[in-house]
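Fold and contact review
For reference, the chains in residue letters:
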Amino acid sequence: MKPIFSCSDRGGGPGSEYLDLFMMLPAEMSWMLDEQSFCHCCQLLLQWSQQLKDGWSWEGVQGSEDGYLRKTVLRSVVIDSSPVWDLEGSGSQSDTHTSCHSRPDQQGQETEQALCVAPEDGDSVRGDIDDDDDDDDDDDDGVCTVSGGSGQVLQYEYHILFSCSYGTPVLYFRAVTLEGRSLSLEEVWSSVHQNFRLRLQQSPLNTITLQEHPLLGQPFFMLHPCRTEEFMRPVLQAAQNQHRPVNYVLSWLSVVGPLVGLEVPLKYSTLLHPAASLGSTEPD
Amino acid sequence: MADDKDVLRDVWFGRIPTCFTLNQDEVTEREAEPYYLLLPRVSYLPLVTDKVKKHFLKVMKAEDVEEMWLEYEGTPLKWHYPIGVLFDLHASNTVLPWSITVHFKNFPDRDLLHCTSNSVIEAHFMSSIKEADALKHKSQVVNDMQKKDHKQLWMGLQNDKFDQFWAINRKLMEYPTEEGGFRYIPFRIYQTMSDRPFIQKLFRPVSPEGNVHTLGDLLKEMYPAALPNDGEQKRYQVVIHGIEPLLETPLQWLSEHLSHPDNFLHICVIPTPTD
């Protein structure tokens, strides 16, 4: 079966560097990305990121054409002494035949101190709607509103790789303190926004687990890709119906990124659809 | 074929004689004797080393004990790789028993994944099976199974029950006759010569023209350096389950018979020993 997703240059004319994504729906009704299209989507995202100063870079793997998108973000957190949300209580590690796979075992994870990482709370949404193009995104910092306790700066590192098994992008990430101490899985879970945490736990659309990075060989947290095709399907279908161009990687990232504190500025959409916005900058 | 079934058994029951020694920097109340164990090639270290842990804990104080990790000649051993793969990759051509050093402190969390319970191993194992089926059958076979079938695969591995495991696993090894094989072959090629942990890409068992792909075809596409040039001495060994299959072996056959229980064909490329 041929992969159904392809990017191709239209060639010539202003705006021609925008790639039209010709979407062909195969009989099996599944949308899969092939590696070449993944790379094209990443290169586009990279160009837009450079315009928006959003901090993404492309890291190649020596001796091959493989690579991944990478971004690091500094975040300031306050140690919150309330107990970590009890993950054991979220129900059994039931693994129905439709679900992804068992959630990580969290035996007795009542740690003395939980890291409360600032996701945006309702009153202080930053990033997405902010118009601060001049922000250096390495200083992306929401600050938890819990009072008391000492502030700590964490460095999050996000990688976007391609999974040839699932035909989708995969998000890997890790977090370290400035002293170089790696965050544990429990600490990472506690940094996922309350609202998302509930959803992730109850319906394992994605699950965060510790995995070996396929290109670097080091431990990273990963959002499991096996459900990606399911939630991307309506997005891609709608785009096809409306004859809109879509960047698979960007759309996917805007869904999964926020789950783990990675913001995707709304401004990307103005670069994807330059005609739709007034007075937007044309790519050059 | 009766012969082919024997191969499945031989693979499942492969063992590696191993000697576990406590790291000499660990703090002990008295001297620790080494511990000898036959390790199943197809299993995972934390699943079969409870006895090792218990043995060394007898001579240690609780406060000196953190998460156990294992190391061979300075290299931390990745528990999430099948034991046979770790041996073939790191200690293939050395004198038996395999000498592994046991640590209870300074867990190298930049190199190793944590493994705090068997459910972590189970999750990893099932994740590999599902990924393999995504490649072989677009996940249709594994998704059509019931939860108890998934559990049976895991229990079969955990309890070393060949028949229990294969009662379910055989379904994952089927394919429509008209196709000639799986959609893609789940494989990983390991080598110690680069930072990249493994090579894993899409590869079909049969070409569009209907030619059966061999192990040699796979390597030519994915890792040509592993193959000897004409007339040249063989620089590398291509090892699966401790043996060097002929490069002419059909990949589909290898996938059906020499895969690990996780349904992946794990292939080690190691330098030929010069002695």
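The rules behind each value
- Residues numbered from 1 in each chain as written.
- Chains lettered and ligands numbered in written order.
- Predicted model: local features only at pLDDT ≥ 70, side-chain atom pairs only at ≥ 80, totals over all residues.
- Heavy atoms only, no water.
- UniProt positions renumbered as here; feature names shortened; annotations may be inferred.
- pLDDT = per-residue confidence, 0-100.
- Phe/Tyr/Trp six-rings, centres within 6.5 Å; stacked < 30°, edge-to-face > 60°.
- Lys NZ or Arg CZ within 6 Å of the ring centre and 35° of its normal.
- Buried < 20%, exposed > 50% of the residue type's maximum accessible area, 1.4 Å probe, protein only.
- Helix = DSSP H or I, 4+ residues; strand = E, 2+ residues; numbered from the N terminus.
- Polar contact = N/O pair within 3.5 Å; in protein donor to acceptor, adjacent residues only side chain to side chain.
- Salt bridge = Lys/Arg side-chain N within 4 Å of Asp/Glu carboxyl O.

Where an unreviewed UniProt entry is consulted, chain B appears under the name Autophagy protein 5, with the organism given as Dicentrarchus labrax. According to the UniProt record, the Sequence similarities (unreviewed entry) comment for chain B reads "Belongs to the ATG5 family."

Attention now goes to the confidence of the model for chain B. Overall, the predicted model of chain B reaches an average pLDDT of 95, with 99% of residues at or above 70. Interface confidence for the predicted complex, expressed as ipTM, amounts to 0.92; the pTM equals 0.81.

Glancing now at the packing of aromatic side chains. Counting across every chain of the model gives 16 aromatic pairs over all chains. Ring-pair connections join several aromatic residues into one group, and the members of that group are B:Trp12, B:Phe13, B:Phe162, B:Phe165 and B:Trp166. Just above the ring of A:Tyr156 sits the side chain of A:Arg75; from NZ or CZ to the centre is 4.6 Å. The aromatic ring of B:Phe198 is capped on one face by B:Arg188, whose charged end is 4.2 Å from the ring centroid.

On to helix 5 (residues 248-256) of chain A. Each α-helix turn comprises 3.6 residues. Residues three or four places apart therefore point the same way. Residue and element names in this part refer to chain A. Of all nine residues that make up helix 5, seven are buried, and the element is covered over most of its length. Listed in full, the buried residues belonging to helix 5 are Tyr-248, Val-249, Leu-250, Ser-251, Trp-252, Leu-253 and Val-256. Near the N-terminus of helix 5, the side chain that reaches the backbone nitrogen of Val-249, with its oxygen 3.0 Å away, is that of Asn-247.

Pairing between side chains of opposite charge can happen when the charged atoms of each approach one another. Following the criterion strictly, the structure yields 20 salt bridges over all chains and no others. Two residues, B:Lys201 and A:Asp66, come together in a salt bridge whose shortest N-O distance is 2.6 Å. With B:Lys201 in the loop between strand 6 (187-191) and helix 9 (215-222) and A:Asp66 in the loop between strand 3 (57-60) and strand 4 (67-80), this residue pair bridges two chains. A:Asp66 sits in the buried class, given a relative accessible area of 9%. We note a salt bridge from B:Asp160 to B:Arg15, for which the minimum N-O separation is 2.8 Å. With B:Asp160 in the loop between helix 7 (147-158) and helix 8 (162-172) and B:Arg15 in strand 1 (residues 15-22), the pair connects residues that are 145 residues apart, well separated along the chain. On the basis of relative accessibility, which here comes to 33%, the residue B:Asp160 falls in the partly exposed class. Each of A:Glu35, A:Asp66, B:Arg196 and B:Lys201 takes part in salt bridges that share partners, so that together they form one network.

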